[in-house]
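# Working through the structure, step by step
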Amino acid sequence: MEDNELKFTCPDCKDTRLECCEDGHYASEVTNIDKDGDFDYGEIKASGTVDRFQCLNCGYVLKDENEENIIDEEEVVEWLKENCKQPEGHIDSRYTDDNADQFENE
Ligand SMILES: [Zn+2]
């Protein structure tokens, strides 16, 4: 099953976390607050429509060939196939692009 997963890799910062942003309001139950000020949240419910998909780390926004924000899940799939190198099967997390050089030199 995992072989079917598409991996997002940010072209700018190489982060692999993709964020879906909506233009509406977010609502989430606060499930726990500890004395240090750490909040736990329940499931986030969004009421708007998708505004953009972006890199969670640097905010790189996925755009189509017309420089329009990609808001369609199918387009995200196409974008990932075209712009993100997909690993073949399981790859040891040490063998990312960032570390590839040092392993080649050993
Ligand atoms: Zn990024």
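Residues numbered from 1 in each chain as written. Predicted model: local features only at pLDDT ≥ 70, side-chain atom pairs only at ≥ 80, totals over all residues. Heavy atoms only, no water.

### Structural notes on the coordination of the zinc ion
Note the cut-off: Only nitrogen, oxygen and sulfur atoms qualify as donors, and only when within 2.8 Å of the metal (3.2 Å in the case of Na, K and Ca); with water excluded, sites may look incomplete. Geometry assignment treats four donors as tetrahedral when all angles are between 85 and 135 degrees, treats four as square planar and six as octahedral when opposite donors are over 155 degrees apart and all others between 65 and 115, and treats everything else as irregular.
Around the zinc ion, the donor atoms from the protein are Cys10 (SG), Cys13 (SG), Cys55 (SG) and Cys58 (SG), and they sit 2.2 to 2.4 Å away. For the zinc ion, the four donor atoms are set out with angles of 102 to 115° between them, so the coordination reads as tetrahedral. Mapping the donors of the zinc ion onto the primary sequence gives the spacing C-x2-C-x41-C-x2-C.

### A closer look at helix H1 (residues 73–83)
Each α-helix winds once per 3.6 residues, and so residues spaced three or four apart point in a common direction. Selection criterion: Burial here depends on accessible area, computed with a 1.4 Å probe over protein chains only, as a share of the maximum for the residue type. Under 20% is buried, over 50% is exposed, and the range in between is partly exposed. Helix and strand definitions here come from DSSP, where helices need a minimum of 4 consecutive H or I residues and strands a minimum of 2 consecutive E residues; each element is numbered from the N-terminal end. The arc under discussion is defined with respect to the helix axis, by the directions toward the C-beta atoms. We call two residues contacting when some pair of their heavy atoms lies within 4.5 Å. Whenever a nitrogen or oxygen atom comes within 3.5 Å of another N or O atom, the pair is scored as a polar contact, on the condition that within protein one atom can donate a hydrogen and the other can accept it, and that pairs from neighbouring residues in sequence are kept only if both atoms are in side chains.
For H1, every residue scored as buried is listed here: Val76, Trp79 and Leu80. One face of H1 carries all of its buried residues, which in axial projection span an arc of 100°. Turned more than 90 degrees from where H1 packs its buried face, Glu74, Lys81 and Glu82 sit exposed. Residues of H1 that are buried make contact with strand E1 (18–22) and strand E4 (50–55). Two or three places before Glu74, at the opening of H1, Asp72 has a side-chain oxygen 2.8 Å from that residue's backbone nitrogen.

### Details of the environment of Trp79
The topology assignment puts Trp79 in helix H1. Judged by relative accessible area, which is 6%, Trp79 ranks as buried. Separated by 15 residues in sequence, Trp79 and Asp64 place their C-alpha atoms 7.6 Å apart. Beyond its immediate sequence surroundings of up to four residues, Trp79 is in contact with Phe8, Pro11, Tyr60, Leu62, Lys63, Ile70 and Cys84.

Honestly, that's just the spatial picture; any functional story needs more than this.
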